[in-house]
Amino acid sequence: MARALEGVRILDMTHVQSGPTCTQLLAWFGADVIKVERPGVGDATRGQLRDVPDVDSLYFTMLNHNKRSITLNTKSEHGKQIFTDLIKHCDVMVENFAPGALDRMGFTWERIQQINPRMIYASVKGFGPGPYQDCKVYENVAQCTGGSASTTGFDDGPPLVTGAQIGDSGTGLHLALGIVTALFHRERSGRGQRVTCAMQDGVLNLCRVKLRDQQRLKHGPLREYPQYPNGTFSDSVPRAGNASGGGQPGWALRCAPGGPDDYIYVIIQPPGWEPLMKVIGREDLIEHPDWATPAARLPKLDQCFALIEEWTKTKTKFEVMETLNPLNVPCGPILSMKELAEEPSLRETGTVVEVDHPTRGAYLSVGNPIKLSDSPSEVKRSPLLGEHTDEVLAELGYSQADIATAKAEGAV
Ligand code: CAO
């Protein structure tokens, strides 16, 4: 069965995390992703955060599945020739270099269009046009500049970055959508186009509800935030701790036996009040005028959650889950990475997969979280540096002698 993006060739100039997550998704959907790396060096992540000496790091292997690797010095004359052939050969080019790097190599968007008018040229940058357009940007910088850090954390603490890589992987996801949209458009227009996504913009898009709240602030306090009604609001959106939305307050509550991840997030929806109070043995509060309605509870949500926590502290998070779910009380255990790695249901769906690697051996990875019924993803190991150089050059029409010359000159 042909996979969804079979036949689409991607010229992958990406490195580190944001770009590679994008091209990995396209590879999982069946695109032929040709990753171009600097001879002898490769993607810097191959050597970063190494856990085993002399083998590609998990950082690299977990972001570059299903790709082919070719080494190419795109700054040498011979390398530029090969690169030009690759641009002719491919449908999509993806890069996330520092601003202007490809222009400096001589490959401007205008030049790329001359070489291949059907080319879709996609880039991740830290910022869009504006005062910071020339800056280099990494994950946490994007989280800070996109509005996530200022709205994450507790009221009395500093801004916080999140473990979810919304700057890098989030922007990679956005870019992948831009690319498949441009491919779809090319079916009708016959032409490629430029696709860009700035990390600041991607993070802000994911923080959309916080810009909503910024505007709501003008019309009074944000009643669903823990600052209401006893704390104070400034003129910008505060950090909301673990609070959830207005009509359905939520909080992370401690569970037994009291380890760092022994918590469960519980949401109190109006219909959930009665069953919750029955479970914790406080039937007296079900009809009590000081507790029975969302409006009555709002000023003392901390007390509501403290009552429920008295009960959750006596159970494990999984016992609480088993008790509250049949009662239609939305809740979810705080799962550690260890628990997720060992979760059988995630293994069964391929969301967590074990992959074999020739120099590292078996390792765990996150597979494709997007499931297509007719185009399932098979996760294949990441390539070794330059593993497919000869193969790809042969596909471009280079003879064994041409390849030997390119190697002798250091172009590949
Ligand atoms: N052959 C020859 N030269 C190559 C090459 C190849 N195959 N591949 C890369 N290079 C060159 C580039 O052309 C560039 O050279 P110049 O500076 O002379 O133009 C040089 O290698 C370094 O590229 P870079 O500036 O992109 O790399 P960096 O390590 O200095 O910066 C990063 C890394 C991520 C900060 C920067 O690329 C960036 O801001 N990218 C956009 C935002 C982004 O994606 N950030 C997410 C990163 S993950 O947190």
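Residues numbered from 1 in each chain as written. Predicted model: local features only at pLDDT ≥ 70, side-chain atom pairs only at ≥ 80, totals over all residues.

1. Digging into the overall build of the protein
A tally of helices and strands in the protein yields 17 helices and 11 strands. Its C-alpha atoms give the protein principal-axis dimensions of roughly 85 × 45 × 40 Å. In the protein, buried positions account for 34% of the 412 residues. Nonlocal contacts in the protein, meaning residues at least 24 apart in sequence, comprise 65% of its contacts between residues at least 6 apart. (Helix = DSSP H or I, 4+ residues; strand = E, 2+ residues; numbered from the N terminus. Buried ≥ 20, exposed ≤ 12 C-beta atoms within 10 Å, placed from the backbone. Contact = placed C-beta atoms within 7 Å.)

2. A look at the sheet that holds strand 7 (residues 250-254)
If you trace the three strands from one edge of the open sheet to the other, you get 7-8-9, paired in antiparallel fashion. Of all strands in the sheet, those bounded by a partner on one side alone are strand 7 and strand 9 (331-333). Averaged over all adjacent pairs, the angle separating strand axes in this sheet is 20°, with direction ignored. As defined by bridge partners, strand 7 adjoins strand 8 (residues 263-267) across five bridges and the pair is classed as antiparallel. Counterpart to Leu-253 in the pairing with strand 8 is Ile-264. The strands that helix 12 (residues 301-312) touches are strand 7 and strand 8; relative to strand 7, the one it contacts most, it runs at about 35°. Where helix 13 (residues 317-324) meets the sheet, it contacts strand 8 and strand 9, and its direction lies at approximately 160° from that of strand 9. (Pairing = 2+ DSSP bridges. Axes fitted to C-alpha atoms, helices over the stretch in contact; angles between N-to-C directions.)

3. Section: the site of the ligand
With respect to spatial proximity, 24 residues lie near the ligand, and among them Val-16, Asn-96, Phe-97, Ala-98 and Lys-136 are the closest. Those elements that provide at least two residues to the shell around the ligand are helix 1 (18-28), helix 4 (101-104) and strand 5 (120-125). In terms of residue class, the shell around the ligand is made up of 10 nonpolar, seven polar and seven charged. (Near = placed C-beta within 6 Å. Nonpolar A, V, L, I, M, F, W, Y, C, P; charged D, E, K, R; others polar.)

4. Considerations on the packing of helix 7 (residues 168-189) against helix 8 (residues 199-206)
It is at 9 Å that the axes of helix 7 and helix 8 come closest, and there the two elements cross at 95°. In terms of orientation, helix 7 and helix 8 fall into the roughly perpendicular class. Within the contact between the two elements, helix 7 uses Gly-170, Thr-171 and His-174 and helix 8 uses Met-199, Gly-202, Val-203 and Leu-206. Across the contact of helix 7 with helix 8, the residue classes tally to three nonpolar, four polar and no charged. (Parallel < 35°, antiparallel > 145°, perpendicular 65-115°, else oblique.)

5. A closer look at the nonpolar core
Ile-10, Leu-11, Leu-26, Val-92, Met-93, Ile-120 and Ile-179 are the most contacted members of the largest nonpolar core, which totals 55 residues. Considering every element that reaches this core, the biggest residue donor is helix 7, with six residues. With 16 residues, the next largest nonpolar core counts Leu-253, Val-266, Phe-305 and Val-329 among its residues. (Core = buried A, V, L, I, M, F, W, Y, C linked by C-beta atoms within 7 Å.)

6. Re the sheet that holds strand 2 (residues 32-37)
Taken together, the six strands give an open sheet; going across it, the order is 3-2-1-4-5-6, and neighbouring strands pair in parallel fashion. Each edge of the open sheet carries a strand with a single partner, namely strand 3 (67-71) and strand 6 (194-198). On average, adjacent strands in this sheet sit at an angle of 20° to one another, irrespective of strand direction. Sheet analysis places strand 4 (residues 92-95) next to strand 5, joined by four bridges and oriented parallel. In the strand pairing of strand 5, Val-92 is matched with Ile-120.

7. Some thoughts on the domain arrangement of the protein
For the protein, the assigned domains are domain 1 (9-205 + 343-408) and domain 2 (243-329). Each of domain 1 and domain 2 has a C-alpha centre, and these two points are 43 Å apart. (Domains from an automatic or database assignment.)

8. Describing the packing of helix 1 against helix 7
The contact between helix 1 and helix 7 brings their axes to 7 Å, and the two run at 45°. When the axes of helix 1 and helix 7 are compared, the pair comes out oblique. Crossing geometry of helix 1 relative to helix 7 is assigned as right-handed. Touching Ser-18, Gly-19, Thr-21, Cys-22, Leu-25 and Leu-26 of helix 1 are Asp-168, Ser-169, Thr-171, Gly-172, Leu-175, Ala-176 and Ile-179, all from helix 7. Looking at the contact of helix 1 with helix 7 residue by residue, the class counts come to six nonpolar, six polar and one charged. (Left-handed = near helix turned anticlockwise from the far one by under 90°.)

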